[in-house]
Amino acid sequence: MTRRPYIVGNWKMHGTRAMLSEARAIDRAAQRHMKVEVALAPPFTLIHPIHREAEQISVGAQDCHHEDGGAFTGDISAAMVADAGAKFVILGHSERRQGHGETDGLVRAKAQAALAAGLRIIMCCGETIDIRESGRAVAFVGKQLKASLPPADEAPADLAERVTIAYEPIWAIGTGTAATTDDIAEMHAEIRKLLVELYGEEQGGEARIIYGGSVKPENAAEIFAVPDVGGALVGGASLTADSFMGIALAAGEPTDH
Ligand code: PGA
(Lines give C-alpha, C1' and ligand atoms only; values in the text may rest on other atoms or scores of the structure.)
Protein backbone atom coordinates (compact mmCIF):
# COMPACT_ATOMS: atom_id res chain seq x y z
CA MET A 1 0.00 0.00 0.00
CA THR A 2 1.38 3.41 -0.90
CA ARG A 3 0.15 6.11 1.40
CA ARG A 4 0.14 9.82 0.73
CA PRO A 5 2.96 11.60 2.56
CA TYR A 6 1.64 12.97 5.86
CA ILE A 7 2.83 16.50 6.65
CA VAL A 8 1.79 17.70 10.10
CA GLY A 9 2.36 21.19 11.50
CA ASN A 10 2.93 21.40 15.25
CA TRP A 11 2.31 25.01 16.20
CA LYS A 12 3.30 24.39 19.84
CA MET A 13 2.42 27.41 22.02
CA HIS A 14 2.20 29.77 19.06
CA GLY A 15 -0.96 31.26 17.69
CA THR A 16 -3.80 33.55 18.62
CA ARG A 17 -6.76 34.26 16.36
CA ALA A 18 -4.44 36.51 14.36
CA MET A 19 -2.93 33.25 13.02
CA LEU A 20 -6.24 32.11 11.51
CA SER A 21 -5.33 33.80 8.23
CA GLU A 22 -2.18 31.65 8.06
CA ALA A 23 -4.25 28.50 8.67
CA ARG A 24 -6.61 29.62 5.89
CA ALA A 25 -3.67 30.07 3.52
CA ILE A 26 -2.37 26.61 4.41
CA ASP A 27 -5.81 25.10 3.80
CA ARG A 28 -6.13 26.83 0.42
CA ALA A 29 -2.68 25.71 -0.64
CA ALA A 30 -3.37 22.15 0.55
CA GLN A 31 -6.22 22.01 -1.97
CA ARG A 32 -3.58 22.15 -4.69
CA HIS A 33 -1.55 19.40 -3.03
CA MET A 34 -3.94 16.50 -3.04
CA LYS A 35 -1.06 14.01 -3.23
CA VAL A 36 -0.05 15.08 0.25
CA GLU A 37 -2.08 14.79 3.45
CA VAL A 38 -1.68 18.08 5.28
CA ALA A 39 -2.63 18.51 8.94
CA LEU A 40 -2.23 21.17 11.61
CA ALA A 41 -2.00 20.87 15.38
CA PRO A 42 -2.59 24.41 16.69
CA PRO A 43 -3.01 25.34 20.37
CA PHE A 44 -6.30 24.03 21.86
CA THR A 45 -7.93 27.44 21.52
CA LEU A 46 -7.62 27.40 17.73
CA ILE A 47 -8.77 23.83 17.07
CA HIS A 48 -12.42 24.70 16.61
CA PRO A 49 -12.03 27.92 14.61
CA ILE A 50 -9.62 26.23 12.19
CA HIS A 51 -11.74 23.08 11.94
CA ARG A 52 -14.84 25.15 11.18
CA GLU A 53 -13.27 26.78 8.15
CA ALA A 54 -10.94 24.07 6.86
CA GLU A 55 -11.92 22.34 3.66
CA GLN A 56 -8.83 20.24 3.09
CA ILE A 57 -6.57 19.99 6.10
CA SER A 58 -7.33 18.01 9.23
CA VAL A 59 -6.89 19.58 12.63
CA GLY A 60 -5.47 17.95 15.74
CA ALA A 61 -4.42 18.60 19.32
CA GLN A 62 -0.94 18.60 20.82
CA ASP A 63 -1.92 16.66 23.96
CA CYS A 64 -4.89 15.32 25.91
CA HIS A 65 -5.56 13.96 29.38
CA HIS A 66 -5.78 10.23 29.98
CA GLU A 67 -9.13 10.40 31.79
CA ASP A 68 -12.46 11.12 30.09
CA GLY A 69 -13.36 13.89 32.51
CA GLY A 70 -13.34 14.85 36.18
CA ALA A 71 -11.65 17.12 38.68
CA PHE A 72 -8.50 17.88 36.68
CA THR A 73 -8.12 21.64 36.67
CA GLY A 74 -6.57 22.95 33.48
CA ASP A 75 -6.67 19.64 31.63
CA ILE A 76 -8.58 18.66 28.52
CA SER A 77 -9.83 15.22 27.52
CA ALA A 78 -9.65 13.35 24.23
CA ALA A 79 -13.44 13.57 23.90
CA MET A 80 -13.25 17.37 24.32
CA VAL A 81 -10.68 17.88 21.60
CA ALA A 82 -12.63 15.51 19.34
CA ASP A 83 -15.77 17.56 20.04
CA ALA A 84 -13.88 20.72 19.03
CA GLY A 85 -13.07 19.12 15.68
CA ALA A 86 -9.73 17.41 16.29
CA LYS A 87 -9.17 14.25 14.28
CA PHE A 88 -5.85 13.36 15.87
CA VAL A 89 -3.64 14.12 18.84
CA ILE A 90 0.14 14.35 19.13
CA LEU A 91 1.31 12.38 22.19
CA GLY A 92 4.59 11.92 23.99
CA HIS A 93 6.30 14.93 22.43
CA SER A 94 9.69 15.48 24.10
CA GLU A 95 8.58 18.93 25.24
CA ARG A 96 5.86 17.20 27.28
CA ARG A 97 8.02 14.32 28.41
CA GLN A 98 10.75 16.72 29.57
CA GLY A 99 8.78 19.84 30.52
CA HIS A 100 5.82 18.09 32.15
CA GLY A 101 7.43 14.91 33.45
CA GLU A 102 5.32 12.64 31.23
CA THR A 103 6.40 9.02 31.66
CA ASP A 104 6.02 6.26 29.08
CA GLY A 105 3.20 4.85 31.20
CA LEU A 106 1.27 8.11 31.21
CA VAL A 107 1.80 8.55 27.47
CA ARG A 108 0.43 5.03 26.92
CA ALA A 109 -2.66 5.83 29.03
CA LYS A 110 -3.22 8.96 26.93
CA ALA A 111 -2.84 6.92 23.74
CA GLN A 112 -5.48 4.47 24.90
CA ALA A 113 -7.84 7.31 25.87
CA ALA A 114 -7.35 9.06 22.52
CA LEU A 115 -7.91 5.89 20.49
CA ALA A 116 -11.01 5.06 22.57
CA ALA A 117 -12.35 8.54 21.76
CA GLY A 118 -12.02 7.78 18.04
CA LEU A 119 -8.95 9.92 17.43
CA ARG A 120 -5.86 9.06 15.45
CA ILE A 121 -2.59 9.48 17.32
CA ILE A 122 0.89 10.65 16.43
CA MET A 123 3.21 8.98 18.94
CA CYS A 124 6.51 10.83 19.32
CA CYS A 125 9.77 9.23 20.31
CA GLY A 126 13.40 10.30 20.25
CA GLU A 127 16.68 10.29 22.09
CA THR A 128 18.81 13.02 23.70
CA ILE A 129 22.23 13.93 22.31
CA ASP A 130 23.94 12.10 25.20
CA ILE A 131 22.11 8.89 24.39
CA ARG A 132 22.97 9.20 20.69
CA GLU A 133 26.63 9.90 21.39
CA SER A 134 26.85 6.91 23.68
CA GLY A 135 25.56 4.66 20.87
CA ARG A 136 22.31 3.75 22.64
CA ALA A 137 19.80 5.63 20.46
CA VAL A 138 18.19 2.61 18.79
CA ALA A 139 17.81 0.68 22.05
CA PHE A 140 16.44 3.75 23.85
CA VAL A 141 13.84 4.61 21.21
CA GLY A 142 12.73 0.97 20.96
CA LYS A 143 12.18 0.75 24.71
CA GLN A 144 10.44 4.13 24.82
CA LEU A 145 8.06 3.23 22.00
CA LYS A 146 7.27 -0.22 23.33
CA ALA A 147 6.28 1.26 26.68
CA SER A 148 4.35 4.21 25.21
CA LEU A 149 2.27 2.44 22.55
CA PRO A 150 -0.78 0.33 23.43
CA PRO A 151 -0.02 -3.36 24.02
CA ALA A 152 -0.96 -5.57 21.06
CA ASP A 153 -4.03 -7.06 22.76
CA GLU A 154 -5.42 -3.57 23.39
CA ALA A 155 -4.46 -2.00 20.05
CA PRO A 156 -7.16 -1.03 17.55
CA ALA A 157 -7.78 -3.45 14.67
CA ASP A 158 -7.13 -0.58 12.22
CA LEU A 159 -3.88 0.47 13.91
CA ALA A 160 -2.13 1.18 10.60
CA GLU A 161 -4.72 3.86 9.83
CA ARG A 162 -4.88 5.38 13.27
CA VAL A 163 -1.36 5.25 14.68
CA THR A 164 1.55 7.23 13.26
CA ILE A 165 5.01 7.21 14.82
CA ALA A 166 7.02 10.43 14.75
CA TYR A 167 10.76 9.94 15.22
CA GLU A 168 12.05 13.22 16.62
CA PRO A 169 15.60 13.20 17.95
CA ILE A 170 15.56 15.80 20.73
CA TRP A 171 18.85 17.34 19.61
CA ALA A 172 17.34 18.12 16.20
CA ILE A 173 14.17 19.84 17.46
CA GLY A 174 14.25 23.59 16.98
CA THR A 175 18.00 23.62 16.42
CA GLY A 176 18.04 24.17 12.67
CA THR A 177 20.05 20.98 12.20
CA ALA A 178 18.08 17.89 11.21
CA ALA A 179 19.35 14.36 11.78
CA THR A 180 21.44 12.93 8.95
CA THR A 181 19.66 10.83 6.36
CA ASP A 182 21.69 7.82 7.54
CA ASP A 183 20.53 8.27 11.13
CA ILE A 184 16.93 8.67 9.99
CA ALA A 185 17.11 5.61 7.72
CA GLU A 186 18.57 3.45 10.49
CA MET A 187 16.05 4.54 13.10
CA HIS A 188 13.01 4.24 10.82
CA ALA A 189 14.06 0.71 9.83
CA GLU A 190 14.39 -0.24 13.51
CA ILE A 191 11.02 1.30 14.33
CA ARG A 192 9.44 -0.61 11.46
CA LYS A 193 10.91 -3.87 12.77
CA LEU A 194 9.50 -3.12 16.21
CA LEU A 195 6.03 -2.28 14.86
CA VAL A 196 5.90 -5.55 12.90
CA GLU A 197 7.08 -7.47 15.94
CA LEU A 198 4.43 -5.82 18.11
CA TYR A 199 1.43 -5.71 15.79
CA GLY A 200 2.18 -8.06 12.89
CA GLU A 201 2.91 -7.40 9.24
CA GLU A 202 -0.55 -6.25 8.22
CA GLN A 203 -0.86 -3.40 10.73
CA GLY A 204 2.70 -2.87 12.00
CA GLY A 205 4.06 -3.10 8.47
CA GLU A 206 1.74 -0.35 7.22
CA ALA A 207 1.56 2.24 10.02
CA ARG A 208 3.23 5.47 9.03
CA ILE A 209 6.57 6.56 10.44
CA ILE A 210 7.30 10.26 10.00
CA TYR A 211 10.38 12.29 10.90
CA GLY A 212 10.51 15.52 12.91
CA GLY A 213 13.31 17.89 13.92
CA SER A 214 14.29 20.98 11.92
CA VAL A 215 12.46 19.93 8.75
CA LYS A 216 12.32 22.93 6.38
CA PRO A 217 11.74 23.49 2.66
CA GLU A 218 15.50 23.31 2.03
CA ASN A 219 16.05 19.83 3.51
CA ALA A 220 12.60 18.25 3.08
CA ALA A 221 13.24 16.57 -0.30
CA GLU A 222 16.31 14.69 0.89
CA ILE A 223 14.53 13.60 4.07
CA PHE A 224 11.48 12.37 2.12
CA ALA A 225 13.80 10.36 -0.15
CA VAL A 226 14.94 8.26 2.83
CA PRO A 227 13.33 4.79 2.80
CA ASP A 228 10.27 4.49 5.03
CA VAL A 229 9.92 8.19 5.78
CA GLY A 230 6.17 8.67 5.47
CA GLY A 231 6.09 12.40 6.07
CA ALA A 232 7.15 15.01 8.60
CA LEU A 233 6.18 16.57 11.90
CA VAL A 234 7.11 20.21 11.50
CA GLY A 235 7.45 22.82 14.23
CA GLY A 236 8.99 26.18 13.38
CA ALA A 237 8.60 25.86 9.62
CA SER A 238 4.84 25.21 9.93
CA LEU A 239 4.11 28.70 11.26
CA THR A 240 3.86 30.31 7.85
CA ALA A 241 1.99 28.95 4.85
CA ASP A 242 4.99 29.70 2.64
CA SER A 243 7.50 27.54 4.45
CA PHE A 244 5.00 24.83 5.45
CA MET A 245 3.73 24.41 1.92
CA GLY A 246 7.32 24.47 0.67
CA ILE A 247 7.70 21.25 2.63
CA ALA A 248 4.46 19.84 1.19
CA LEU A 249 5.77 20.66 -2.28
CA ALA A 250 8.90 18.62 -1.59
CA ALA A 251 6.63 15.69 -0.67
CA GLY A 252 4.54 15.72 -3.86
CA GLU A 253 3.84 17.63 -7.04
CA PRO A 254 0.91 20.06 -7.00
CA THR A 255 -2.35 18.74 -8.49
CA ASP A 256 -5.09 20.47 -10.51
CA HIS A 257 -7.77 19.31 -8.06
P1 PGA B 1 10.99 21.88 14.70
O2 PGA B 1 10.04 21.10 15.73
O3 PGA B 1 10.50 21.56 13.32
O4 PGA B 1 10.84 23.31 15.06
O5 PGA B 1 12.38 21.35 14.93
C6 PGA B 1 9.56 19.81 15.46
C7 PGA B 1 8.72 19.31 16.60
O8 PGA B 1 9.06 19.56 17.76
O9 PGA B 1 7.67 18.66 16.38
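Computed from a predicted model, the values in this text were never measured in an experiment. (Residues numbered from 1 in each chain as written. Predicted model: local features only at pLDDT ≥ 70, side-chain atom pairs only at ≥ 80, totals over all residues. Heavy atoms only, no water.)

Q: Just checking my understanding: could you explain the environment of leucine 91 for this structure?
A: Relative to the helices and strands, leucine 91 is located in strand β4 (residues 88-91). In this structure leucine 91 comes out as buried when scored by relative accessible area, which is 1%. Between the C-alpha atom of leucine 91 and that of glycine 118, which follows or precedes it by 27 residues, the distance is 15 Å. Look past the residues within four positions of leucine 91 in its chain and what remains in contact with it is Asp63, Cys64, Val107, Lys110, Ala111, Ala114, Ile121, Ile122, Met123 and Cys124. (Helix = DSSP H or I, 4+ residues; strand = E, 2+ residues; numbered from the N terminus. Buried < 20%, exposed > 50% of the residue type's maximum accessible area, 1.4 Å probe, protein only. Contact = heavy atoms within 4.5 Å.)

Q: Mind showing me how you'd approach the pairing of strand β5 (residues 120-125) here?
A: A regular strand places its side chains on the two faces of the sheet in alternate fashion. By the criterion of burial, β5 is predominantly enclosed, with five of the six residues buried. Note that β4 and β5 share four bridges and pair parallel. Its bridge partner being in β5, phenylalanine 88 is matched across the sheet by arginine 120. (Pairing = 2+ DSSP bridges.)

Q: Looking at this model, I keep getting lost on the site of the ligand. Mind explaining?
A: Inspection of the region around the ligand gives 13 residues, with Lys12, His93, Glu168, Gly174 and Ser214 positioned closest. Between an oxygen atom of the ligand and a main-chain N or O atom of serine 214, the distance comes to 2.8 Å. Interatomic distance of 2.9 Å between a backbone N/O atom of glycine 236 and an oxygen atom of the ligand. Notes on the ligand: free accessible area 280 Å², of which the protein chains cover 95%. Its residues placed into classes, the shell around the ligand shows four nonpolar, seven polar and two charged. (Near = heavy atom within 4 Å. Polar contact = N/O pair within 3.5 Å; in protein donor to acceptor, adjacent residues only side chain to side chain. Areas by Shrake-Rupley, 256 points an atom, 1.4 Å probe, with all protein chains shown as cover. Nonpolar A, V, L, I, M, F, W, Y, C, P; charged D, E, K, R; others polar.)

Q: Looking at this structure, I do not really get the pattern of salt bridges. What am I missing?
A: Inspection of every chain in the model, using the stated rule, returns 16 salt bridges. Note that arginine 132 and aspartate 183 form a salt bridge whose closest N and O atoms lie 3.4 Å from each other. Taken as a pair, arginine 132 in helix α6 (residues 129-133) and aspartate 183 in helix α9 (residues 181-204) lie far apart in primary sequence, 51 residues in all. The exposure class of arginine 132 is buried, given its relative accessible area of 18%. Overall, aspartate 183 belongs to the buried group, its relative accessible area being 18%. Aspartate 228 serves as the salt-bridge partner of arginine 192, at 2.8 Å between the closest nitrogen and oxygen. One end of the pair, arginine 192, is in helix α9; the other, aspartate 228, is in the loop between α10 (217-224) and β8 (231-234), and 36 residues separate them in sequence. (Salt bridge = Lys/Arg side-chain N within 4 Å of Asp/Glu carboxyl O.)

Q: In this structure, what is going on with the pairing of strand β2 (residues 37-41)? I would like to understand it.
A: Across the five residues of β2, five count as buried, placing the element largely inside the fold. Here five bridges tie strand β1 (residues 6-10) to β2, and the two strands are oriented parallel to one another. By the bridge assignment for β2, valine 8 is matched with alanine 39. Handedness of the crossover joining β1 and β2 through helix α1 (residues 20-30) is recorded here as right-handed. Direction of pairing for β2 relative to strand β3 (residues 58-61): parallel, over a ladder of two bridges. Note on β3: the bridge partner recorded for alanine 39 is serine 58. Read from β2 through helix α2 (residues 44-53) to β3, the crossover connection turns out right-handed. (Right-handed = clockwise from strand over helix to strand, strands pointing away.)

Shape descriptors only; they carry no functional weight alone.
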